[in-house]
Amino acid sequence: MDDITVVSFDVEGTLVTPDFSYAIWFEAIPRRYSERKGIDFEQARKSVEEEYGKVGDQRLEWYEIRYWFDKLDLGIPEPVMEGCQDRVCYYPEVRDVLSSLSGRYRLTVASGSTREFLHHLLRDIEPYFTKVFSSVSDYKWLKTSDFYLKMCQALEVRPEQVVHVGDNWQFDFVAPSEIGIRAFYLDRKGQTNHQNSLVSLTQLEVHLSG
Ligand SMILES: [Mg+2]
């Protein structure tokens with residue numbers, strides 16, 4: 001893979017565990033809702049989850065924390081997100097891999113998380129990345145092949161010069177592959193047996209030097 005210049009990473013499920021998001025959506029928001037409404041936590045959680053269900057992950061609002069804070073009348077999200085900062089957890093190999101690859105490639109982020117989330121999720125590893133792309137915040141949509149094309153244009157590289165890795169088959173493997181990006185599917189549970197699947201980011205280094 002001699003002509004590769006950019007290595008792009010998904011964030012949630014790839015660099016960071018789902019813990020922070022879970023803490024926001026299923027603990028902190030219901031807790032705040034229960035306080036504001038004066039109802040118990042389980043009841044609040046049920047109501048909040050019902051509201052999430054009505055919107056669904058195919059609509060942009062689903063991803064926008066401000067939309068939910070307004071809708072549920074919870075005030076402003078920043079202190080709540082800050083309060084969950086200690087729930088951000090990187091997978092064990094992440095720092096070593098980023099540190100090793102950053103000397104040889106431009107490292108970038110291609111995430112479906114919003115900038116508000118990325119601000120917290122990337123806090124300790126942001127210096128490794130030359131550019132951070134959020135499909136929802138920057139382009140108002142999910143990670144489609146069009147999104148990856150725009151990312152390549154912004155980086156001034158051809159798709160063939162980019163490697164992308166992520167844990168969602170459609171958004172991180174199919175979509176970037178469609179435009180010629182060298183994509184790898186991260187399957188940390190090791191349930192797929194595909195030539196471009198990896199069980200950890202350490203394996204990515206092996207592919208890149210192969
Ligand atoms: Mg992911």
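The coordinates are above.
Quick caveat: nothing in here was measured; it's all calculated off a predicted structure.

Caption draft 1: Spatial organisation of the environment of phenylalanine 133. Inspection of the secondary structure assignment puts phenylalanine 133 in strand S3 (residues 131-134). Residues phenylalanine 133 and aspartate 10 lie 123 residues apart in sequence; the distance between their C-alpha atoms is 9.7 Å. Among residues more than four places away in sequence, those in contact with phenylalanine 133 are Val109, Ala110, Ser111, Arg115, Asp138, Tyr139, Phe147, Met151, Ala154 and Leu155.

Caption draft 2: Just the pattern of salt bridges, in detail. Applying the stated criterion across every chain, the model contains 16 salt bridges. Put simply, glutamate 51 and lysine 71 hold a salt bridge, and the shortest N to O gap is 3.7 Å. In this pair, glutamate 51 sits in helix H2 (residues 41-55) while lysine 71 sits in helix H3 (residues 65-71), placing the two residues 20 residues apart along the sequence. Residues glutamate 64 and lysine 140 are paired through a salt bridge, measuring 4.0 Å at the closest nitrogen-oxygen approach.

Caption draft 3: Quick look at the nonpolar core. Ranked by internal contacts, the top residues of the largest apolar core, which has 51 residues, are Phe9, Leu15, Ile29, Phe129 and Leu204. Ranked by the residues each element gives to this core, the list is headed by helix H1 (residues 19-37), at seven residues. Shared between two domains, this core holds at least three residues of each, these being domain 1 (6-17 + 89-209) and domain 2 (19-86). Those residues in contact with phenylalanine 129 that sit more than four places away from it in its chain are Phe9, Leu15, Leu98, Leu107, Thr108, Val109 and Leu122. Counting residues in each nonpolar core, the second largest holds 13 residues, with Tyr148, Cys152, Val162 and Ile181 among its members.

Caption draft 4: Highlighting the sheet that holds strand S6 (residues 197-198). Ordered by their spatial adjacency, six strands build an open sheet running S3-S2-S1-S4-S5-S6, and the pairing between neighbours is parallel. Here the strands that pair on one side only, and so sit at the sheet edges, are S3 and S6. Pairing of strand S4 (residues 162-166) with strand S5 (residues 182-186) involves four bridges; the strand directions are parallel. Among the inter-strand pairings, valine 165 is bridged to a residue of S5, identified as phenylalanine 184. Most of the contacts of helix H8 (residues 145-155) go to S3, to which it runs at about 155 degrees, and overall it touches strand S1 (6-9), strand S2 (106-111), S3 and S4.

Caption draft 5: Looking closely at the coordination of the magnesium ion. Bound to the magnesium ion on the protein side are Asp10 (OD), Glu12 (O) and Asp167 (OD), at distances that span 2.1 to 2.2 Å. Every donor residue of the magnesium ion comes from the same chain, spaced as D-x1-E-x154-D. The class for aspartate 10 is buried, based on a relative accessible area of 6%. What makes glutamate 12 partly exposed here is its relative accessible area of 24%.

Caption draft 6: Geometry of the side chain of glutamine 161. Position of glutamine 161 relative to the elements: it lies in the loop between H8 and S4. A distance of 2.8 Å separates a polar atom in the side chain of glutamine 161 from the backbone nitrogen of arginine 158. Leave out the neighbours within four places in its chain, and glutamine 161 touches Asp3, Ile4, Thr5 and Val6.

Caption draft 7: Inspection of H2 at higher detail. With 15 residues, H2 should reach 21 Å at 1.5 Å per residue; the first-to-last C-alpha distance of 21 Å fits that figure. Every buried residue of H2 is listed here: Ala44, Val48, Tyr52 and Val55. Along the axis of H2, the buried residues cluster in a sector spanning 75 degrees; they form a single face. The exposed residues of H2 that point more than 90 degrees off its buried face are Glu42, Lys46, Gly53 and Lys54. In the core, the buried residues of H2 are packed alongside H1 and H3. Backbone nitrogen of glutamate 42 and a side-chain oxygen of the N-cap are separated by 3.2 Å at the start of H2; the cap is aspartate 40. Once H2 ends, the next one or two residues include glycine 56, with phi positive near 80 degrees.

The rules behind the values
- Residues numbered from 1 in each chain as written.
- Predicted model: local features only at pLDDT ≥ 70, side-chain atom pairs only at ≥ 80, totals over all residues.
- Heavy atoms only, no water.
- Helix = DSSP H or I, 4+ residues; strand = E, 2+ residues; numbered from the N terminus.
- Contact = heavy atoms within 4.5 Å.
- Salt bridge = Lys/Arg side-chain N within 4 Å of Asp/Glu carboxyl O.
- Core = buried A, V, L, I, M, F, W, Y, C linked by side-chain atoms within 4.5 Å.
- Buried < 20%, exposed > 50% of the residue type's maximum accessible area, 1.4 Å probe, protein only.
- Domains from an automatic or database assignment.
- Pairing = 2+ DSSP bridges.
- Axes fitted to C-alpha atoms, helices over the stretch in contact; angles between N-to-C directions.
- Donors = N, O, S within 2.8 Å, 3.2 Å for Na, K, Ca; no water.
- Polar contact = N/O pair within 3.5 Å; in protein donor to acceptor, adjacent residues only side chain to side chain.
- Expected span 1.5 Å × (residues − 1).
- Arc of directions from axis to C-beta.

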